[in-house]
Amino acid sequence: MFLDDFHTVTDDRLCITAEQASRFAKCIAGDYNPIHDPDARRFCVPGDLLFALVMARFGLAQRMTFHFKGMVGDSVPLCFAQHGDTVSVTDHHGKVYLEVERGGDITHDAGVIEAFTRRYVAFSGRNFPHYLKPLMEEQGVMFNPQRPLVIYDSMGFSLSRLDVAEAGVAFTGATLDVIGKRGDALLQFQMTDADTVIGHGSKKLVVSGLREYDPPVMDAFVEQFMSLKAHSATTG
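Residues numbered from 1 in each chain as written. Predicted model: local features only at pLDDT ≥ 70, side-chain atom pairs only at ≥ 80, totals over all residues. Heavy atoms only, no water.

**Examining the overall build of the protein chain**
(1) Moving on: Within the protein chain one finds five helices and 12 strands.
(2) Moving on: Relative to the globule expectation of 18 Å for 236 residues, the C-alpha radius of gyration of the protein chain, 18 Å, shows essentially globular dimensions.
(3) Moving on: With the C-alpha coordinates aligned to their principal axes, the bounding extent of the protein chain is approximately 50 × 45 × 35 Å.
(4) Moving on: Per-residue burial for the protein chain yields a buried fraction of 51% across its 236 residues.
(5) Moving on: For the protein chain, the proportion of contacts with a sequence separation of at least 24, taken over those separated by at least 6, is 70%.
(6) Moving on: For the protein chain, the accessible area works out to roughly 11,300 Å², and carbon and sulfur atoms hold 48% of it.
(7) Moving on: On the protein chain, the mean spot of the 22 positive side-chain charges and the mean spot of the 30 negative ones are 4 Å from each other. (Helix = DSSP H or I, 4+ residues; strand = E, 2+ residues; numbered from the N terminus. Rg over C-alpha atoms; globule rule 2.2 N^0.38 Å. Buried < 20%, exposed > 50% of the residue type's maximum accessible area, 1.4 Å probe, protein only. Contact = heavy atoms within 4.5 Å. Areas by Shrake-Rupley, 256 points an atom, 1.4 Å probe, with all protein chains shown as cover. Lys, Arg positive; Asp, Glu negative; His and termini not counted. Charge placed at Lys NZ, Arg CZ, Asp CG, Glu CD.)

If you want it as structure tokens, here you go:
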């Protein structure tokens, strides 16, 4: 199981350390969002790791919608539970961090699930700068480069079939709605089998602390971001 290095299970509770979460973000998703750094002031476990663990435990369904309700901190004991067509991730106080709605057929084929998971999280990890920077530039806004905060809100997809050994995931478009200092980014994607489209999906991100777009400042931030990413990839 390729997720074994990114969590531990004790007494039916699943825990993810900050180090495990950060390694998943960088090594599996290619996600260098600063909030996944172990020493980040507002550290949180990547939503894509929770997504991957749900898929591994409960299978890949034709229709799935993930609602991220809260930020999971370092080593929080989590309970993954299924209730009919719904899966929930909660802590021992009952706080809900993730709710998943499912429909249609379900596959528990480990090879299919791992391949789909790896392809999706690799796509998802490219949020910035590939998709978000052009959106922010177009709308004339940017996050605070000193405290960039981009949070997963939700994602969902629908597949026409599940018997695909290696589904492709490709970006198809995006929008950014700005409400004051907050931006709601919607990224759309499609799943393919060779040249055949077999599904569509979207993910919603919340970008906080928006301010007027400053090209030199953003360009410097991107340059530093990509430099850190390249350095981590070579040393990692």
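Having seen it, we continue.
**Quick word on the nonpolar core**
(1) Moving on: Grouped together as the largest cluster of nonpolar side chains are 72 residues, with contacts concentrated most on L60, F66 and F157.
(2) Moving on: Ranked by residues supplied to this core, first place goes to helix α2 (residues 47-58) with eight residues.
(3) Moving on: With near-sequence residues (within four places) excluded, F66 lies in contact with F51, V54, M55, L98, E99, V100, D153, S154, M155 and F157. (Core = buried A, V, L, I, M, F, W, Y, C linked by side-chain atoms within 4.5 Å.)

**Concerning the packing of α2 against helix α3 (residues 110-124)**
(1) Moving on: Axis separation between α2 and α3 bottoms out at 10 Å; the angle between their running directions is 165°. Put simply, α2 runs roughly antiparallel to α3. Judged by the twist between their axes, the crossing of α2 over α3 is right-handed. Across the interface between the two elements, D48, F51, A52, M55 and A56 of α2 pack against I113, F116, T117, Y120, V121 and S124 of α3.
(2) Moving on: Here the residues of the contact of α2 with α3 are counted per class, giving eight nonpolar, two polar and one charged. (Axes fitted to C-alpha atoms, helices over the stretch in contact; angles between N-to-C directions. Parallel < 35°, antiparallel > 145°, perpendicular 65-115°, else oblique. Left-handed = near helix turned anticlockwise from the far one by under 90°. Nonpolar A, V, L, I, M, F, W, Y, C, P; charged D, E, K, R; others polar.)

**As for a negative patch on the surface**
(1) Moving on: Taken together, the side chains of E212, D214, D219 and E223 make up a negatively charged region of the molecular surface.
(2) Moving on: Mapped onto the secondary structure, E212 falls in strand β12 (residues 211-212).
(3) Moving on: Overall, the relative accessible area of 68% leaves E212 in the exposed class. (Patch = residues over 30% accessible without salt bridge, like charges linked within 9 Å, V, L, I, M, F, W, Y side chains within 5 Å. Salt bridge = Lys/Arg side-chain N within 4 Å of Asp/Glu carboxyl O.)

**Regarding α2**
Each turn of an α-helix holds 3.6 residues, which means side chains three or four residues apart point in the same direction.
(1) Moving on: Taking 1.5 Å of rise per residue, the 12 residues of α2 would be expected to cover 16 Å, and the 16 Å separating its terminal C-alpha atoms lies within 8% of that figure.
(2) Moving on: G59, located one to two residues past α2, shows a positive phi value of around 95°. (Expected span 1.5 Å × (residues − 1).)

**Considerations on the pattern of salt bridges**
A side chain with one charge may pair with a side chain of the opposite charge, provided their charged atoms come close.
(1) Moving on: Under the criterion given, the structure shown has eight salt bridges.
(2) Moving on: Between R161 and D193 there is a salt bridge, and its shortest N-O distance comes to 2.7 Å. One end of the pair, R161, is in the loop between β8 (149-159) and β9 (168-179); the other, D193, is in strand β10 (residues 182-193), and 32 residues separate them in sequence.
(3) Moving on: The partly exposed category is assigned to D193, whose relative accessible area is 25%.
(4) Moving on: Ionic contacts of the salt-bridge type, sharing partners, join the residues R161, D163 and D193 into one network.

**Notes on the packing of aromatic side chains**
(1) Moving on: One pass over the full model with this rule turns up 15 aromatic pairs.
(2) Moving on: Connected via pairs of aromatic rings, a cluster forms that spans F51, F66, Y120, F123, Y131, F171 and F189.
(3) Moving on: Above the plane of the ring of F80 lies R57, whose end atom (NZ or CZ) is 5.3 Å from the centre. (Phe/Tyr/Trp six-rings, centres within 6.5 Å; stacked < 30°, edge-to-face > 60°. Lys NZ or Arg CZ within 6 Å of the ring centre and 35° of its normal.)

**Examining the environment of G125**
(1) Moving on: With respect to the helices and strands, the residue G125 is situated in the loop between α3 and α4 (127-139).
(2) Moving on: With 95 residues separating them along the chain, G125 and G30 place their C-alpha atoms 5.2 Å apart.
(3) Moving on: Beyond its immediate sequence surroundings of up to four residues, G125 is in contact with A29, G30, D31 and D48.

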